[in-house]
Amino acid sequence: MARFDKNTTLAQVSATGLVPLFTHNDLDICLGVLRACYQGGVRVFEFTNRTENSFNNFKELVSIAETEMPEMILGIGTIYDAATAKKYIEIGTNFIVAPIMNPEVGAVCVEAGIPWMPGVMTVTEIYNARQAGAAFIKIFPGEVLGPAFVKALKAPMPDVQVMVTGGVSPTAESLKTWFGAGATAVGIGSQLVPKEVLATKDFAQVTSIVANALQIIKEVKA
C-alpha cells in the first residue's frame, strides 16, 4: 500500500515542480540515482517500468526509501494496463504515471486512493482523463506539443494541473519557458542522469544538476 496519501503526493508534485524519471537493470545504479536526487532536494520520483528488473528493483527501492529517504514519494511510470497497476500498488507505489490514457488504470488508482497521471496530447483526451479520475495530467510528448499547447490549454481549462514530460531540459531557458506557459511540474529523464554518470557512477553530478534545476523552478514559481 502507498505510504503517502493522495493529497500529500499531489501537493508535493506541485510544490517541487520536478519529477525525475529513471530506470535501470542494476539496482545499485538505481539506488545511487535515487539517493543523489534526494540529496539534491527531490521529493517525488518516477521509476519507469521499462526493464526486466523493474518490478524487483522498484520493490527494493520502496523498502530502502522508507528508512533512508523518509520524505521521498516513489511512484511507478510506463504503466499501460490495470493488471500491472495492481501489481505495483501491492508493493507500495504512491502514484502511477502512463504514456497513454487508459480509464481502466484510472479506475484502479481511484480505488487505491493514489494519483493517476495519464499521458495525453489532445484537449479531448485531457477532458476524458479528468472525468476518469486524473487529478494531474501528463502532457506527452512535450517536444511535439510544445509550450504553446500548454498555454493555449489553460484558456478553456485554467484549473488543469499539467506535468510536461519530453522536451524539457534542466536549464533556465527551458524551465522558464515551460513554467511560464502554465506547467505545474515537469518530468525529466536522461538529462538529469547523463550517460557519463552511469559509466563512472559519479552520482554527485546528479545531485548538482537536480539542485540547480530545483532552484531555477523555485525562482520561476516565486
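Please refer to the structure higher up on the page.
To keep things clear, this report deals only with the structure shown in the data block. Residue numbers run consecutively from 1 along every chain, following the written order of its sequence. With pLDDT at 70 or above as the cut-off, local features in this predicted model cover only qualifying residues; side-chain atom pairs require 80 or more to be listed or tallied, and sums for whole chains, interfaces and linings still use all residues. Side-chain measures here rest on the full set of heavy atoms in the structure, leaving out hydrogens and waters.

1. Remarks on the environment of Val197
- Strands are runs of DSSP state E lasting at least 2 residues, helices are runs of H or I lasting at least 4, and numbering of each runs from the N terminus. Mapped onto the elements of the fold, Val197 is located in helix α9 (residues 195-200).
- With relative accessibility at 0%, the residue Val197 sits in the buried group.
- Expressed as a C-alpha distance, the spacing of Val197 and Ile29, which sit 168 residues apart in the sequence, is 9.6 Å.
- Contacts are assigned to residue pairs with any non-hydrogen atoms lying within 4.5 Å of each other. The contacts of Val197, once residues within four sequence positions are left out, are Asp202, Phe203, Gln205 and Val206. Relative accessibility thresholds used throughout: buried, under 20% of the residue-type maximum; exposed, over 50%; partly exposed, between the two (1.4 Å probe, protein chains only).

2. Description of the packing of aromatic side chains
- The pairing test for Phe, Tyr and Trp rings, Trp by its six-membered ring, is centres within 6.5 Å, and the orientation test on the planes gives stacked under 30 degrees, edge-to-face over 60, and tilted for anything in between. In the structure shown here, the tally under the stated rule is three aromatic pairs.
- When the centroid spacing of 5.3 Å and the interplanar angle of 65° are considered together, the rings of Phe55 and Tyr88 count as edge-to-face. A residue pair is termed long-range when its members are at least 10 positions apart, and Phe55 in helix α3 (residues 54-68) and Tyr88 in helix α4 (residues 82-90) qualify at 33 residues.
- The class for Phe55 is partly exposed, based on a relative accessible area of 24%.
- Judged by relative accessible area, Tyr88 falls into the buried class, the value being 1%.
- Judged by centre distance (5.6 Å) and plane angle (75°), the rings of Phe58 and Tyr88 are edge-to-face. Residue Phe58 is found in helix α3, and its partner Tyr88 is found in helix α4; the two are separated by 30 residues along the sequence.
- Members of the aromatic cluster, joined through ring pairs, are Phe47, Phe55, Phe58 and Tyr88.
- We count a charge as sitting over a ring when the NZ of a lysine or the CZ of an arginine lies within 6 Å of the ring centre and within 35 degrees of the ring normal. In this structure, Lys87 is placed above the aromatic ring of Phe55, and the distance from its NZ or CZ to the ring centre is 4.9 Å.
- The positively charged end of Lys138 is found above the aromatic ring belonging to Phe140, 4.9 Å away from the centroid.

3. Examining the pairing of strand β1 (residues 18-22)
- β1 sits mainly inside the fold: five of its five residues count as buried.
- Here β1 shows a buried face lined by Leu18, Pro20 and Phe22 and a second buried face lined by Val19 and Leu21.
- Between any two strands, at least two bridges found by DSSP are needed for them to pair. Pairing of β1 with strand β9 (residues 185-188) involves three bridges; the strand directions are parallel. When the sheet's bridge partners are listed, Leu18 is paired in β9 with Val186.
- When β1 meets strand β2 (residues 44-48), the two strands line up parallel, connected through two bridges. When the sheet's bridge partners are listed, Phe22 is paired in β2 with Phe47.
- Running through helix α2 (residues 27-40), the crossover from β1 to the neighbouring parallel element β2 is right-handed. A crossover gets the label right-handed when its path from the first strand over the helix to the second runs clockwise, viewed with the strands pointing away from the viewer.

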